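Architecture at a glance
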Amino acid sequence: MDSIPAVFEKGVFKPLKPLIKYAQRVMIALVDLVLVIDSANDFLLKEHRKINKNVVPILNVPPLLPPSSTSVLLDLKRSLKGKNQNAKIVIYVGILHRRNGLLQTLEAMKIVWQDMKNVLLVLVGVIAPSFREDLARFMDSEEVQERIKLIARWIPYKELAKYLDAANVDLKGDERFYRKLAFAVKAPEAVMEAIKLFVEKGVFVEVTYLVVPGWNDSEEVMKKIFGWIYDEFGGEKVPLHI
């Protein structure tokens, strides 16, 4: 099923878009209280308070933890290495949801574990209710439970970089792609800053660019994204997978 932004992009209801936005603004102005489900950047909160001062936000992600409280990764690394000095740790950071390919990731880890028993998977991020059930079904044995650790909160990239040897980062497209499909306001700039930070901290970084026809496959967008990678890192330092 298409999202509302995707339907608008197809042009089916595009003529009605200004009218719907106007009606939304009128309703926000007339009510006594507005509850908004917002992300950490407070985008909706700021927009709605221009119309109605009585707006209360409900954050759909927790705020980033200050550096002093992110020792959880260091403690985790120590505890894992204490059990197995040769352990290799794979970290996934992002929304823990099946739509992000995590079911496939879990199945891939089963194959890895057939030959590499010392690989541990750490999942970092807010877990979607539906994925809790998926994860519970997957962790059906004590052996699997020992190899998967869950940190159900956000960790700043600056802190995370201290514990990474390598990272594969998805750079999905331009501002339109992130705003319309991912509902992210500060991307791709925030993703680019994360890539730069990892490289500066000595992390080996690979960038993945998944082509979505009609959204990020134009020559203009690709030149912008690929040109940024080349200008920042040259032609060899950061591999690009398309």
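As a starting point, this report considers the structure included with it. (Residues numbered from 1 in each chain as written. Predicted model: local features only at pLDDT ≥ 70, side-chain atom pairs only at ≥ 80, totals over all residues. Heavy atoms only, no water.)

Quick notes on the overall build of the protein chain
Threshold: To qualify as a helix, a DSSP run of H or I must reach at least 4 residues; to qualify as a strand, a run of E must reach at least 2; elements of each kind are numbered from the N terminus. Any residue under 20% of the maximum accessible area for its type is buried, any over 50% is exposed, and the rest in between are partly exposed; the area is computed with a 1.4 Å probe on protein chains only. Any two residues having at least one pair of non-hydrogen atoms within 4.5 Å are treated as being in contact. Accessible surface is estimated by sampling points in the Shrake-Rupley manner with a 1.4 Å probe; for residues, cover comes only from the protein chains shown.
Looking only at helices and strands, the protein chain features 11 helices and eight strands. A total of 242 residues make up the protein chain; the buried ones form 33% of that total. Put simply, 65% of the contacts in the protein chain that link residues at least 6 apart link residues at least 24 apart. As displayed, the protein chain offers around 15300 Å² of accessible surface, 57% of which is attributable to carbon and sulfur atoms.

A look at a nonpolar patch on the surface
Basically, it comes down to this: Here a patch means residues that are over 30% exposed by relative accessible area and free of salt bridges, tied together within 9 Å if like-charged and within 5 Å if nonpolar (Val, Leu, Ile, Met, Phe, Trp, Tyr). Salt bridges are counted wherever a side-chain nitrogen of Lys or Arg sits within 4 Å of a carboxyl oxygen of Asp or Glu.
On the surface, L16, L19, I20, Y22, V26 and L30 cluster together to form a nonpolar patch covering roughly 610 Å² of accessible area. Here L19 shows up in helix 2 (residues 17–30).

Topic: the nonpolar core
We count it as follows: Put simply, buried Ala, Val, Leu, Ile, Met, Phe, Trp, Tyr and Cys residues joined by side-chain atoms within 4.5 Å make one nonpolar core.
One finds L171, I195, F198 and V205 to be the most contacted residues of the largest nonpolar core, which totals 27 residues. Setting aside chain neighbours within four positions, we find I195 in contact with V169, L171, V205, V207, W228 and F233. Ranked by size, the runner-up nonpolar core spans 15 residues in total, among them L102, L106, L123 and L135.

Quick word on the pattern of salt bridges
Applying the stated rule across the entire model yields seven salt bridges. In this structure, E193 and K196 form a salt bridge, with 3.8 Å as the shortest nitrogen-oxygen distance. In this pair, E193 and K196 are both assigned in helix 10 (residues 189–200), three residues apart and thus about one turn of the helix distant. Accessibility expressed as a relative area gives 47% for E193, which makes it partly exposed. Residue class for K196 comes out partly exposed when judged on its relative accessible area of 21%. Residues participating in the shared-partner salt-bridge network are R98, D134 and R137.

Comments concerning the sheet that holds strand 5 (residues 148–151)
Where we set the bar: In this description, strands pair whenever DSSP reports at least two bridges between them. In this analysis, axes come from line fits to C-alpha atoms, helices being fitted only over the stretch in contact, and the angle between any two N-to-C directions falls in the range 0 to 180 degrees.
Judged by pairing direction, the sheet is parallel, and its three strands sit side by side in the order 3-4-5 without closing on themselves. Two strands in the sheet have a free side with no partner beyond their single neighbour: strand 3 (88–93) and strand 5. Each neighbouring strand pair of the sheet contributes to a mean axis angle of 20 degrees, computed without reference to strand direction. Across six bridges, the pairing between strand 3 and strand 4 (residues 119–124) is parallel. Of the residues in strand 4, the one forming a bridge with V90 is L121. Contacts from helix 5 (residues 102–115) reach strand 3, strand 4 and strand 5 within the one sheet, and its direction differs from that of strand 4 by about 165 degrees.

With respect to the sheet that holds strand 7 (residues 204–208)
Pairing is parallel in the open sheet, where three strands are placed in the order 6-7-8. One side of each edge strand has no neighbouring strand; the edge strands of this open sheet are strand 6 (166–170) and strand 8 (240–241). As paired elements, strand 6 and strand 7 share five bridges and run parallel to each other. By the bridge assignment for strand 7, A167 is matched with V205. Across the sheet, helix 10 is in contact with strand 6 and strand 7; its angle to strand 6 comes to roughly 165 degrees.

Considering the pairing of strand 4
Both faces of the sheet carry side chains from a regular strand, because those side chains alternate between them. Of all six residues that make up strand 4, six are buried, and the element is covered over most of its length. Side chains V119, L121 and L123 of strand 4 all project onto a buried face; the interleaved residues L120, V122 and V124 project onto the opposite face, where all are buried too. As paired strands, strand 4 and strand 5 are joined by four bridges and run parallel to one another. Residue L121 lies in a different strand from strand 5, and its bridge partner there is I148.

Regarding the packing of helix 5 against helix 6 (residues 129–138)
Selection rule: Angle categories are assigned with fixed cut-offs, so that under 35 degrees is roughly parallel, over 145 is roughly antiparallel, 65 to 115 is roughly perpendicular, and the rest are oblique. For any helix crossing, the convention is left-handed if the near helix is rotated counterclockwise from the far helix by under a right angle, and right-handed if that rotation is clockwise. Here the term charged refers only to Asp, Glu, Lys and Arg, the term nonpolar to Ala, Val, Leu, Ile, Met, Phe, Trp, Tyr, Cys and Pro, and the term polar to all other amino acids, Gly among them.
Packing of helix 5 against helix 6 brings their axes to within 11 Å, and their N-to-C directions diverge by 15 degrees. Relative to helix 6, the element helix 5 lies roughly parallel. As helix 5 runs across helix 6, the sense of the crossing is right-handed. Within the contact between the two elements, helix 5 uses L102, L103, L106, E107, K110 and W113 and helix 6 uses F131, D134, L135 and F138. Split by residue class, the contact of helix 5 with helix 6 holds seven nonpolar, no polar and three charged.

Quick look at the packing of aromatic side chains
The cut-off we apply is this: What counts as a ring pair is set by centres within 6.5 Å for rings of Phe, Tyr and Trp (its six-membered ring), and what kind of pair is set by the plane angle: stacked under 30 degrees, edge-to-face over 60, tilted for all other angles.
In this structure the tally under the stated criterion is five aromatic pairs. Ring centres 5.1 Å apart and planes at 75 degrees place the aromatic pair Y209 and F226 in the edge-to-face group. Of this pair, Y209 sits in the loop between strand 7 and helix 11 (219–233) while F226 is found in helix 11, placing the two residues 17 residues apart along the sequence. On the basis of relative accessible area, Y209 is assigned to the buried category, the value being 0%. A residue is classified by how much of its surface remains accessible, and F226, at 21% relative accessible area, is partly exposed. Ring centres 5.6 Å apart and planes at 90 degrees place the aromatic pair W228 and F233 in the edge-to-face group. Accessibility classification places W228 together with F233 in one group, the buried group.

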